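A structural walkthrough
The residues making up each chain are set out below.
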Amino acid sequence: MASPSENQLDLNVMRDLFDCGEREAMKVLILDHITERLNLRGCLLVEFSPPISGSQPVIAAASKTSSIDWDDAPSFLSYLEEKYRGGETSFDIRLPMAREGGEVASRRSRLYAQLLPLTSGRDCQAVLCLLSNTPIDLDVATHESLRLYFSCLNWLYKQDLERLETERRLEKALKEIDLREKERNRWLNFFYMTTHDLKAPISSVYNYLKTVLRKSIDVLDERMSKIIERSLIRLDEVMDMIGSLLELTQLEDPRALEEFNELDLKEVLWGCMEIADSLAKAKGLKASVQVSRSLPGIFGLEKRISQLVMNLLTNAIKYTPRGGRITLKAFRREDEVIVQVEDNGIGINPQSLPRIFDEFYQAESSSEGSGLGLSIARRIVDMHRGRIWAESPLDAQGRGTRVSFALPLGWSSPLDEDYFDGKKPSDILNT
Amino acid sequence: MAHKILIADDDPDVVEDLSILFEDEGYEIVVASDGAETLEKIEQENPDLIILDLLMPRVDGFAVFNTLKDPKWERWSGIPVVVLTSVREEVSQRRYELETGMRMDYDAYIEKPYDHEELLELAKRLIQEKG
């Protein structure tokens, strides 16, 4: 049993340790306490860092109160390495009762060392060396009084190990991400190049056919010119699709994020509506705008946002029969800006709704377009960290569609969360 | 006298197609299939308009463009240039800026695939303006 005064000292130790907080300083503090308590010349903490078999031991901490001329350090360290490589298999504090007090640690200064290995797992993590002018005899009472220090050291090393394990796992995960990213980029590039290279031959055929049609209009019979005209329409569709595919791959390019800017959403929306208005009028549709006067600006790519809004507006125009109306709404809701394009057109089968933003998905009623327009829209919303969804029908007759997207407010750097700024995993853990 | 158009493109189909298109409208056509030939033809033929592809073997269109900015080529620097390429405009500008520190000041930039009517109208307008 420890005496009341010893308990008091232990409490002081704990307080000191928690006050200093710095792990290296904590080690020195522990060694100082041991040196003082056992009336030693000094203490050394020799660590195998990282705690794996065969690693070189280093002196991690020495008691400040010691006054040892450590001239034999290298040979002493290799002696320790030899002795404790491999080590024990428990995570507990081990206080060996082995009488090693007779070992000479330094020939010149006639030091005696008591070596106490600290082990966890399979490895010896550190060796606590008690150094004295006289042979050290560790009796049970001394052992008992060292227990607290050992607990503290053990706790420190356990943390080290856990930290090391986390770092290792993080490193592995980052490597995996890196690998996948590279693979993905390789495929994107392949996809882009292939699609891109389809453009030239197809547009050549398209232009040749146009020339044939123009120059042979007198010699071709009606059926033949119809075939050529239809070929041109089909090729036009292919070129449209190639354009959309290229667009989609370009949207995957992370360099686009560097061009993000503060932008006036109101202005972008009005610009889009100006174009859409004339398209709507040409089709005999009524177009109206309800944009909140106090609509805040957003952080994004103007070109892409306007492409997104135009995409939704032209869709609405396309699927709304003559005499219908389309409405563009925009307002703030909590920390988001919501933009909605509404029509009273043919509507979408509710079962199709969840899939309309998927690549190449087309609701059965329509056959125009490449089927990529809405997936481009979703991709643009994604890169702005927003959400996009559709509601339909809007009335009891099964008519009307409302496509909405929400963009978050209050962020101003596209890189702030997704990148580690080239830091090592250990740096990240430290911050 | 017929106006002369230099078509610089390494894709024989584009050259063929544009030749038919412009010859039908009464233009005289000169062709080049790479940048070096383009510069040669500019010197020899003094065209009224250049339709320039950017990605060509040996000397590319960017280099042709840059050469035309040289004071030694001042005589031909007023010829209107229509860039006709499959490369996106911002990508071309970025590359040119990286290489020369300047922006390309062409008269028109058309991304392939091109439209016949649009090209004819553009050529007519540019030749009239500069003529």
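Let us look at the nonpolar core. Residue and element names in this part refer to chain A. In this structure, Leu269, Val309, Leu312, Leu313, Ile326 and Ala377 are the most contacted members of the largest nonpolar core, which totals 40 residues. For this core, the secondary-structure elements that each account for two or more residues are α6 (265-282), α7 (302-318), β9 (325-333), β10 (336-343), α8 (373-383) and β12 (401-408). Excluding anything up to four places from it in sequence, Leu313 contacts Cys272, Ala276, Ile326, Leu328 and Val341.

Many authors give the size of an interface as the accessible area that is lost as the parts come together. Taken together, the contact between chain B and chain A spans 10 residues of the former and 11 residues of the latter. The element best represented in the side of chain B that touches chain A is helix α1 (residues 12-24) of chain B, accounting for five residues. Counted by class, the side of chain B that touches chain A contains four nonpolar, two polar and four charged residues.

Here we take up unusual backbone geometry. Across the junction of Ser392 of chain A and Pro393 of chain A, the peptide omega takes the value -10°, indicating a cis bond. Looking at where Pro393 of chain A falls in the secondary structure, it is placed in the loop between β11 (387-391) and β12. In this structure, Pro113 of chain B follows Lys112 of chain B across a cis peptide bond, with omega equal to 0°. Along the chain, Pro113 of chain B falls in the loop between β5 (108-111) and α5 (116-130). The phi dihedral of Arg385 of chain A falls on the positive side, at around 60°, and the residue is not glycine. Mapped onto the elements, Arg385 of chain A comes out in the loop between α8 and β11. On the basis of neighbour count, Arg385 of chain A is assigned to the partly exposed category, with 15 C-beta atoms found within 10 Å.

This part is about the sheet that holds strand β3 (residues 49-52) of chain B. Residues and elements named next belong to chain B. Strands sit in the order β2-β1-β3-β4-β5 across an open sheet of five strands; the sheet is parallel. Whereas interior strands pair on both sides, the edge strands pair on one side only; in this sheet they are β2 (28-32) and β5. Ignoring which end each strand starts from, the neighbouring axes of this sheet average 20° apart. By the bridge criterion, four bridges tie strand β1 (residues 4-8) to β3 in an arrangement that is parallel. Paired with Ile5 across the bridge in β3 is Leu49.

This paragraph deals with the sheet that holds strand β7 (residues 286-291) of chain A. Residue and element names in this part refer to chain A. The strand order across the open sheet built from five strands is β7-β9-β10-β12-β11, with neighbouring strands paired in mixed fashion. Strands at the two margins of the open sheet, each flanked by one partner only, are β7 and β11. With direction set aside, neighbouring strand axes in the sheet form an average angle of 15°. Here six bridges tie β7 to β9, and the two strands are oriented parallel to one another. The residue of β9 that forms the bridge with Val289 is Leu328. Along the sheet face, α6 touches β7, β9 and β10 and points at about 170° away from the line of β7.

About the criteria used
- Residues numbered from 1 in each chain as written.
- Chains lettered and ligands numbered in written order.
- Predicted model: local features only at pLDDT ≥ 70, side-chain atom pairs only at ≥ 80, totals over all residues.
- Core = buried A, V, L, I, M, F, W, Y, C linked by C-beta atoms within 7 Å.
- Buried ≥ 20, exposed ≤ 12 C-beta atoms within 10 Å, placed from the backbone.
- Helix = DSSP H or I, 4+ residues; strand = E, 2+ residues; numbered from the N terminus.
- Contact = placed C-beta atoms within 7 Å.
- Nonpolar A, V, L, I, M, F, W, Y, C, P; charged D, E, K, R; others polar.
- Pairing = 2+ DSSP bridges.
- Axes fitted to C-alpha atoms, helices over the stretch in contact; angles between N-to-C directions.

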